[in-house]
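# Inside the fold
Read off the chains here:
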Amino acid sequence: MALASPRAAAPVSPGGHDRPLYALALRLIAMLAISFMFAGVKWLSEHGVHIVETLFFRQLFALPVVMVGIVMGPGLASIRTQHIGLHASRTFMGMIGMVLNFGSFILLPLAEATTIGFSMPLFATIFSALFLREPTGIHRWSAVLIGFVGVMIIAQPGAHLDISPFGLGVAVSAAILTAIISMLLRRMSQIEIPTTIVFWFSALSLPVLGALMPFFVQAHDPVVWAILIGTGMIGGLAQIFMTTALRWGPVAVVLPMDYSSLLWSTLIGWFVWDKLPAPTTWIGAALIIASGLYIVWRERVRKRVVTDIIVPRE
């Protein structure tokens, strides 16, 4: 899910002091904003807006919000980069990821699309072990296996009459690509600050999407335009809140708040589309969330052990 923001990239808190409650509040607000953004994407599709239009206006109206965050934060000088090629690669993959993520919410009910998106840490664990050669023991592999059992419970034939195999495939593909992007963002975070990454993603994607717009743009009524503008601005705010949350709180504390988006998506889906998740979705979600939380906890324990070895505690 996550989608267009560098979740793992965050500068150290000013002065080295964390504000965990503030960070948790920011992350919860970000997840609420993201849930509304994806609900807007689904609603727009149902009202005749092509996904290319949605992507373009999502990036266009998010950019001013991101710029305000940059001006109020690190300053305009922070958008300078010597790694434009790396940003271009991130933009290419990010645009495909946005298509898949938006497509999953268009094709599936909100709660189910959100839940499948939670499988991203499972794929990230697999790819980190295979390609980054990060140590992955029996604990994390067990968590990955349990998470995939949760995905299979949600995807089992006949469990949902309103879940198409194609939509499920799009959602899983989105989670896989988001995991790959997270690895790239991990590398980029070593040489760029989060606001620089966010800015260049928006700036580089807009010309490409703008070139496609003449083939897909169409007239819309004021309500559709309001949702288009709102979706873009809310998406930009979500990026800022997610980045700022990681600035003020440890990753292991902040990231579990992402699972609150299932609650928001369920409530929005019930209120707007009169749909509630099937019992199998809740069972699968519990397994996926539990596995994701365990992976986060094990990562925290592993780092603590490494720290104790390097700097023994007294």
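Refer to the preceding data block for the structure.
Residues numbered from 1 in each chain as written. Predicted model: local features only at pLDDT ≥ 70, side-chain atom pairs only at ≥ 80, totals over all residues. Heavy atoms only, no water.

### Some words on the environment of Phe 105
Relative to the helices and strands, Phe 105 resides in helix H3 (residues 84–107). The sequence separation of Phe 105 and Gly 117 amounts to 12 residues, and the corresponding C-alpha distance is 10.0 Å. (Helix = DSSP H or I, 4+ residues; strand = E, 2+ residues; numbered from the N terminus.)

### Re the pattern of salt bridges
Inspection of the entire model under this criterion finds one salt bridge. Note that Asp 258 is salt-bridged to Arg 27, the shortest N-O span being 2.7 Å. Here Arg 27 lies in helix H1 (residues 20–46) and Asp 258 lies in the loop between helix H10 (251–254) and helix H11 (260–273), a separation of 231 residues in the sequence. (Salt bridge = Lys/Arg side-chain N within 4 Å of Asp/Glu carboxyl O.)

### What about the packing of aromatic side chains?
With the rule as written, the count across this model stands at nine aromatic pairs. Seen in terms of ring centroids, Phe 57 and Phe 61 are 5.7 Å apart; in terms of plane orientation they differ by 15°. Their pairing is stacked. On the criterion of helical spacing, the pair formed by Phe 57 and Phe 61 is a turn pair, its members being four residues apart in helix H2 (residues 51–72). A residue is classified by how much of its surface remains accessible, and Phe 57, at 7% relative accessible area, is buried. (Phe/Tyr/Trp six-rings, centres within 6.5 Å; stacked < 30°, edge-to-face > 60°. Buried < 20%, exposed > 50% of the residue type's maximum accessible area, 1.4 Å probe, protein only.)

### Observations concerning the packing of helix H5 (residues 120–131) against helix H7 (residues 165–188)
Their axes nearest at 8 Å, the elements H5 and H7 cross at an angle of 50°. When the axis of H5 is compared with that of H7, the two are oblique. Here H5 runs over H7; the crossing is right-handed. Where H5 abuts H7, its residues Met 120, Phe 123, Ala 124, Phe 127, Ser 128 and Phe 131 lie against Val 172, Ala 175, Ile 176, Thr 178, Ala 179, Ile 180, Ser 182, Met 183 and Arg 186. Looking at the contact of H5 with H7, its residues break down into 11 nonpolar, three polar and one charged. (Axes fitted to C-alpha atoms, helices over the stretch in contact; angles between N-to-C directions. Parallel < 35°, antiparallel > 145°, perpendicular 65-115°, else oblique. Left-handed = near helix turned anticlockwise from the far one by under 90°. Contact = heavy atoms within 4.5 Å. Nonpolar A, V, L, I, M, F, W, Y, C, P; charged D, E, K, R; others polar.)

All we've got here are geometric facts, nothing functional implied.
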